[in-house]
Amino acid sequence: MIGLWRRADDPLWDRVRLPLLLSLAIGTPWLAIAQRSAIGATAVIFVMAALAIAAMLRARERDRWILRAPVSLLAGWLTAASFVSLGATLAGFGIMGPVAAAWLCIALAAGTALLVQAAAGRAPAYAMAAGWALSAIAAKNAGEQTGLALLAAAGAAAVGIVAWIGWRRGPRVTSDAWSGR
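Novice: Residue-level account of helix H6 (residues 98-120), with values.
Specialist: If you check H6, its first and last C-alpha atoms are 32 Å apart, about what 23 residues at 1.5 Å a residue would give, namely 33 Å. The complete set of buried residues in H6 reads Ala101, Cys105, Ile106, Ala109, Ala110, Ala113, Val116, Gln117 and Ala120.

Novice: Residue-level account of the nonpolar core, with values.
Specialist: Nonpolar side chains in soluble globular proteins generally cluster together in the buried interior. Counting residues in hydrophobic clusters, the biggest one holds 38 residues, and the most contacted among them are Val16, Met56, Val71, Tyr126 and Leu134. Listed by contribution, the elements that provide at least two residues to this core are helix H2 (11-27), helix H4 (38-58), helix H5 (64-92), H6, helix H7 (124-141) and helix H8 (146-169). Excluding residues that lie within four positions of it along the chain, Val16 makes contacts with Ala55, Arg58, Ala59, Leu67 and Val71.

Novice: If you had to explain the packing of aromatic side chains to someone new, which residues and values would you point to?
Specialist: On inspection of all chains with the given rule, the structure shows one aromatic pair. Between Phe46 and Phe83 the ring centres are 5.0 Å apart and the planes differ by 90°, which places this aromatic pair in the edge-to-face class. Here the residue Phe46 occupies a position in helix H4, and Phe83 occupies one in helix H5, the gap between them amounting to 37 residues. On the accessibility criterion, Phe46 (26% relative accessible area) is partly exposed.

Novice: Can you explain the side chain of Thr89? Please cite residues and give values.
Specialist: Tracing the backbone shows Thr89 in helix H5. Among the polar contacts listed, one links the side chain of Thr89 to the side chain of Thr42, at a separation of 2.8 Å. Apart from residues no more than four positions distant in its own chain, Thr89 is found in contact with Ala38, Ile39 and Thr42.

Rules used in this analysis
Residues numbered from 1 in each chain as written. Predicted model: local features only at pLDDT ≥ 70, side-chain atom pairs only at ≥ 80, totals over all residues. Heavy atoms only, no water. Helix = DSSP H or I, 4+ residues; strand = E, 2+ residues; numbered from the N terminus. Expected span 1.5 Å × (residues − 1). Buried < 20%, exposed > 50% of the residue type's maximum accessible area, 1.4 Å probe, protein only. Core = buried A, V, L, I, M, F, W, Y, C linked by side-chain atoms within 4.5 Å. Contact = heavy atoms within 4.5 Å. Phe/Tyr/Trp six-rings, centres within 6.5 Å; stacked < 30°, edge-to-face > 60°. Polar contact = N/O pair within 3.5 Å; in protein donor to acceptor, adjacent residues only side chain to side chain.

Right, here's the structure in full:
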(Lines give C-alpha, C1' and ligand atoms only; values in the text may rest on other atoms or scores of the structure.)
Protein backbone atom coordinates (compact mmCIF):
# COMPACT_ATOMS: atom_id res chain seq x y z
CA MET A 1 0.00 0.00 0.00
CA ILE A 2 2.89 2.35 0.67
CA GLY A 3 4.03 2.00 -2.92
CA LEU A 4 0.54 2.78 -4.22
CA TRP A 5 -0.20 5.78 -2.04
CA ARG A 6 2.78 7.29 -0.26
CA ARG A 7 5.37 6.56 -2.98
CA ALA A 8 3.07 6.68 -6.02
CA ASP A 9 5.11 9.39 -7.76
CA ASP A 10 8.53 8.43 -6.45
CA PRO A 11 11.01 7.83 -9.31
CA LEU A 12 13.15 5.58 -7.09
CA TRP A 13 10.16 3.31 -6.57
CA ASP A 14 9.26 3.54 -10.26
CA ARG A 15 12.58 1.84 -11.08
CA VAL A 16 11.45 -1.23 -9.12
CA ARG A 17 7.78 -1.40 -10.09
CA LEU A 18 7.93 -2.97 -13.56
CA PRO A 19 10.30 -5.89 -12.89
CA LEU A 20 8.61 -6.59 -9.54
CA LEU A 21 5.13 -6.46 -11.04
CA LEU A 22 6.17 -8.76 -13.89
CA SER A 23 7.76 -11.24 -11.48
CA LEU A 24 4.63 -11.36 -9.34
CA ALA A 25 2.28 -11.51 -12.33
CA ILE A 26 4.22 -14.39 -13.88
CA GLY A 27 4.26 -16.10 -10.49
CA THR A 28 0.50 -15.98 -10.11
CA PRO A 29 -0.17 -18.97 -12.40
CA TRP A 30 3.06 -20.76 -11.43
CA LEU A 31 1.37 -23.49 -9.37
CA ALA A 32 -1.06 -24.28 -12.17
CA ILE A 33 1.86 -24.46 -14.61
CA ALA A 34 3.82 -26.68 -12.21
CA GLN A 35 0.92 -29.14 -12.04
CA ARG A 36 1.00 -29.53 -15.81
CA SER A 37 4.64 -29.14 -16.79
CA ALA A 38 7.82 -29.42 -14.72
CA ILE A 39 9.83 -27.92 -17.56
CA GLY A 40 7.39 -25.02 -17.93
CA ALA A 41 7.41 -24.40 -14.19
CA THR A 42 11.20 -24.42 -14.13
CA ALA A 43 11.38 -21.91 -16.98
CA VAL A 44 8.79 -19.67 -15.33
CA ILE A 45 10.50 -19.67 -11.93
CA PHE A 46 13.81 -18.68 -13.53
CA VAL A 47 12.09 -15.74 -15.24
CA MET A 48 10.45 -14.80 -11.93
CA ALA A 49 13.84 -14.95 -10.19
CA ALA A 50 15.57 -12.83 -12.84
CA LEU A 51 12.87 -10.17 -12.64
CA ALA A 52 12.89 -10.16 -8.83
CA ILE A 53 16.68 -9.82 -8.83
CA ALA A 54 16.42 -6.94 -11.31
CA ALA A 55 13.88 -5.25 -9.03
CA MET A 56 16.10 -5.77 -5.99
CA LEU A 57 19.15 -4.34 -7.73
CA ARG A 58 17.12 -1.25 -8.65
CA ALA A 59 15.81 -0.72 -5.11
CA ARG A 60 17.68 1.94 -3.19
CA GLU A 61 18.86 2.02 0.40
CA ARG A 62 16.54 4.88 1.36
CA ASP A 63 13.48 2.67 1.78
CA ARG A 64 15.34 -0.35 3.03
CA TRP A 65 12.62 -1.83 5.24
CA ILE A 66 9.54 -1.05 3.17
CA LEU A 67 10.94 -1.83 -0.29
CA ARG A 68 14.46 -3.22 -0.55
CA ALA A 69 14.20 -5.87 2.20
CA PRO A 70 10.89 -7.43 1.04
CA VAL A 71 12.01 -7.47 -2.60
CA SER A 72 15.38 -8.92 -1.54
CA LEU A 73 13.66 -11.72 0.40
CA LEU A 74 11.61 -12.59 -2.67
CA ALA A 75 14.68 -12.51 -4.93
CA GLY A 76 16.72 -14.67 -2.55
CA TRP A 77 13.99 -17.24 -2.18
CA LEU A 78 13.38 -17.39 -5.93
CA THR A 79 17.11 -17.79 -6.59
CA ALA A 80 17.22 -20.93 -4.48
CA ALA A 81 13.82 -22.22 -5.59
CA SER A 82 14.70 -21.92 -9.26
CA PHE A 83 17.72 -24.19 -8.88
CA VAL A 84 15.77 -26.66 -6.74
CA SER A 85 13.23 -26.79 -9.56
CA LEU A 86 15.99 -27.29 -12.12
CA GLY A 87 17.51 -30.13 -10.10
CA ALA A 88 14.17 -31.84 -9.66
CA THR A 89 13.45 -31.50 -13.38
CA LEU A 90 16.86 -32.83 -14.43
CA ALA A 91 16.52 -35.82 -12.12
CA GLY A 92 12.82 -36.35 -12.81
CA PHE A 93 13.35 -36.61 -16.57
CA GLY A 94 16.39 -38.84 -16.15
CA ILE A 95 18.77 -36.30 -17.65
CA MET A 96 20.98 -36.66 -14.59
CA GLY A 97 20.88 -38.82 -11.53
CA PRO A 98 19.35 -37.18 -8.46
CA VAL A 99 22.67 -36.82 -6.62
CA ALA A 100 24.50 -35.41 -9.66
CA ALA A 101 21.64 -32.97 -10.29
CA ALA A 102 21.77 -31.92 -6.65
CA TRP A 103 25.53 -31.29 -6.79
CA LEU A 104 25.17 -29.24 -9.95
CA CYS A 105 22.18 -27.21 -8.79
CA ILE A 106 23.50 -26.52 -5.29
CA ALA A 107 26.72 -25.24 -6.82
CA LEU A 108 24.79 -23.13 -9.33
CA ALA A 109 22.45 -21.77 -6.65
CA ALA A 110 25.33 -20.85 -4.35
CA GLY A 111 27.34 -19.33 -7.21
CA THR A 112 24.39 -17.30 -8.45
CA ALA A 113 23.58 -16.11 -4.92
CA LEU A 114 27.21 -15.06 -4.43
CA LEU A 115 27.25 -13.08 -7.67
CA VAL A 116 23.91 -11.41 -6.99
CA GLN A 117 24.83 -10.60 -3.39
CA ALA A 118 28.15 -9.10 -4.50
CA ALA A 119 26.32 -6.96 -7.07
CA ALA A 120 23.66 -5.93 -4.55
CA GLY A 121 26.10 -4.84 -1.86
CA ARG A 122 24.02 -3.88 1.12
CA ALA A 123 21.10 -6.31 0.81
CA PRO A 124 21.26 -8.66 3.80
CA ALA A 125 17.69 -9.86 3.30
CA TYR A 126 18.74 -11.45 0.01
CA ALA A 127 21.56 -13.29 1.77
CA MET A 128 19.20 -14.36 4.56
CA ALA A 129 16.70 -15.89 2.12
CA ALA A 130 19.27 -17.57 -0.13
CA GLY A 131 21.36 -18.66 2.88
CA TRP A 132 18.30 -20.02 4.67
CA ALA A 133 17.41 -22.13 1.62
CA LEU A 134 20.97 -23.43 1.27
CA SER A 135 21.03 -24.19 5.01
CA ALA A 136 17.77 -26.13 4.68
CA ILE A 137 19.30 -28.15 1.85
CA ALA A 138 22.33 -28.80 4.06
CA ALA A 139 20.14 -29.94 6.95
CA LYS A 140 18.06 -32.21 4.69
CA ASN A 141 21.17 -33.92 3.32
CA ALA A 142 23.27 -34.04 6.49
CA GLY A 143 22.54 -37.66 7.32
CA GLU A 144 22.63 -39.23 3.88
CA GLN A 145 24.70 -37.03 1.57
CA THR A 146 27.38 -35.40 3.70
CA GLY A 147 29.18 -33.92 0.69
CA LEU A 148 26.01 -32.22 -0.55
CA ALA A 149 25.30 -30.97 2.94
CA LEU A 150 28.79 -29.50 3.22
CA LEU A 151 28.52 -27.86 -0.21
CA ALA A 152 25.18 -26.27 0.66
CA ALA A 153 26.47 -25.15 4.09
CA ALA A 154 29.60 -23.68 2.51
CA GLY A 155 27.42 -21.86 -0.02
CA ALA A 156 25.25 -20.42 2.75
CA ALA A 157 28.33 -19.32 4.71
CA ALA A 158 29.92 -17.75 1.63
CA VAL A 159 26.75 -15.79 0.82
CA GLY A 160 26.65 -14.59 4.43
CA ILE A 161 30.28 -13.47 4.29
CA VAL A 162 29.74 -11.58 1.04
CA ALA A 163 26.66 -9.93 2.56
CA TRP A 164 28.63 -8.93 5.64
CA ILE A 165 31.39 -7.41 3.47
CA GLY A 166 28.76 -5.51 1.47
CA TRP A 167 27.18 -4.23 4.67
CA ARG A 168 30.53 -3.04 6.03
CA ARG A 169 31.26 -1.14 2.83
CA GLY A 170 28.00 0.73 3.16
CA PRO A 171 25.40 1.67 0.59
CA ARG A 172 26.43 2.20 -2.99
CA VAL A 173 26.09 5.82 -4.03
CA THR A 174 24.56 6.33 -7.45
CA SER A 175 23.64 9.44 -9.35
CA ASP A 176 20.03 9.34 -8.13
CA ALA A 177 20.79 8.39 -4.52
CA TRP A 178 21.12 12.02 -3.48
CA SER A 179 18.12 13.35 -5.38
CA GLY A 180 16.32 14.20 -2.15
CA ARG A 181 13.51 11.76 -2.82
